[in-house]
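Chain by chain, the residues:
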Amino acid sequence: MLDDPGALAAVDPHGARAALAGFPAQCRAAAAIEPPLLPSMKRPRVVVIAGMGGSASAGDLVAACSAERVEIPMFVHRGYGLPSVAWDEALVLAVSYSGNSAEIISAADTARARRLPFVAVTAGGALASLTEQRGLPCVRVPQGLMPRMALGYLFFPLARILRALDVDVVSGEEIQEALAVVEQLGAELAPERPLEVNEAKRLAVAIGSRWPAVYGGPVTGAVAYRWKTDFEENAKVFGLAGALPEMNHNTIEAWRTPLARDLHLVLLRDEREEPEIARRFTLLRDLAGPAAGGVSECRARGRSTLARLLSLTCLGQWASLYLAALRGVDPWSVPTLDEVKRRLREG
Ligand code: F6R
């Protein structure tokens, strides 16, 4: 059914397919946005990115790109308020696509109480309103997407803000390379490409009725978590995620039990991974593979960390959409997540 446009349209009435197909153009448009910073802002000594869910994953991407090149501590904060590291000379970046996540409004209020430099990235909502009222810088991005499908609009402005403050998360050249890789994958993974040559469709079929368990290495581990949340929100299945080497010290123990039959092991490989990590992937495959319901290996593309992480992210987005289609569930709507937000608002 994945090659049948009518069947895909029937299961995806809100157009998650179109949102994902537009991801390369979204990234290109987002990379061109000039952040409106205040002249008083200077290079921070600590960066705290406050976000939840799909918005937080833009922060994870920034942190993963920074890990090997930026000497400034960088924290992705998922929760109310701000961590105590957000004090003197810390920069707070608040990212919420809807602008209405209670946790991020609370982070903005805490930043104000602590008089910290602050920039918001949002498509509107209460976050946009409060930046207007308080005269704070805000990158306004287009509305109309689900937050998790707006990763380009959320990530690139964060990277641009940091670059403007002399925090070199990604170079202009790396951004151009990443955009080209995302465009290439957009063409390769789209619904028009049939199953036999479409890696995302093949992966969804391989996972089938099992639960995906996704593992990355030290760099791609951030994307493994993103895959898990995409499978959960888009396909409405439980997902597991972890990273090597850490999972060798705990989760590995559960892999040689009968429970593993219900899981599909997905390994996010990266040609730049260290030989020690490659060895651990081989071992994981040897030990867990025979017990697992199935195993798939996916390879990052591109030279820069950003290109490699975004290439795997694109694959996970499409694979989770196709898995939703196979399961007959709408990949766009998140009714239970919405109900939680509504019931919290009602008190
Ligand atoms: C929904 C989604 C969620 C949201 C999260 C926070 O598509 O991806 O994970 O990102 O509920 O909402 P925002 O991003 O609007 O702050």
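Whatever comes next refers back to the structure up there.
Residues numbered from 1 in each chain as written. Predicted model: local features only at pLDDT ≥ 70, side-chain atom pairs only at ≥ 80, totals over all residues. Heavy atoms only, no water.

Asks: Whenever I open this one, the site of the ligand confuses me. Can you help?
Replies: Lining the immediate surroundings of the ligand are 14 residues, of which Ser55, Ser96, Ser98, Ser101 and Arg148 lie closest. Within the backbone of proline 147, an N or O atom sits 3.4 Å from an oxygen atom of the ligand. Contact with the protein chains removes 95% of the 400 Å² of surface that the ligand exposes when unbound. For the shell around the ligand, the secondary structure elements donating two or more residues are α4 (53-66) and α13 (335-346). By residue number, the principal contributor to the shell around the ligand is α4, which donates 3 residues. (Near = heavy atom within 4 Å. Polar contact = N/O pair within 3.5 Å; in protein donor to acceptor, adjacent residues only side chain to side chain. Areas by Shrake-Rupley, 256 points an atom, 1.4 Å probe, with all protein chains shown as cover. Helix = DSSP H or I, 4+ residues; strand = E, 2+ residues; numbered from the N terminus.)

Asks: Before we go on, may I ask you to explain the nonpolar core in this structure?
Replies: The biggest cluster of nonpolar side chains holds 86 residues, and the ones touching the most others in it are Leu93, Phe156, Leu162, Trp227, Leu268, Leu306 and Leu310. Of the residues forming this core, the biggest block, 14 residues, is contributed by helix α12 (residues 305-327). Split by domain, this core shows at least three residues from each of two domains, domain 1 (33-170) and domain 2 (193-327). Setting aside chain neighbours within four positions, we find leucine 268 in contact with Val214, Tyr215, Gly216, Gly217, Thr220, Val223, Ala224, Trp227, Phe281, Cys298 and Leu312. Grouped together as the second largest cluster of nonpolar side chains are 19 residues, Val92, Ile104, Leu130 and Cys138 included. (Core = buried A, V, L, I, M, F, W, Y, C linked by side-chain atoms within 4.5 Å. Buried < 20%, exposed > 50% of the residue type's maximum accessible area, 1.4 Å probe, protein only. Domains from an automatic or database assignment. Contact = heavy atoms within 4.5 Å.)

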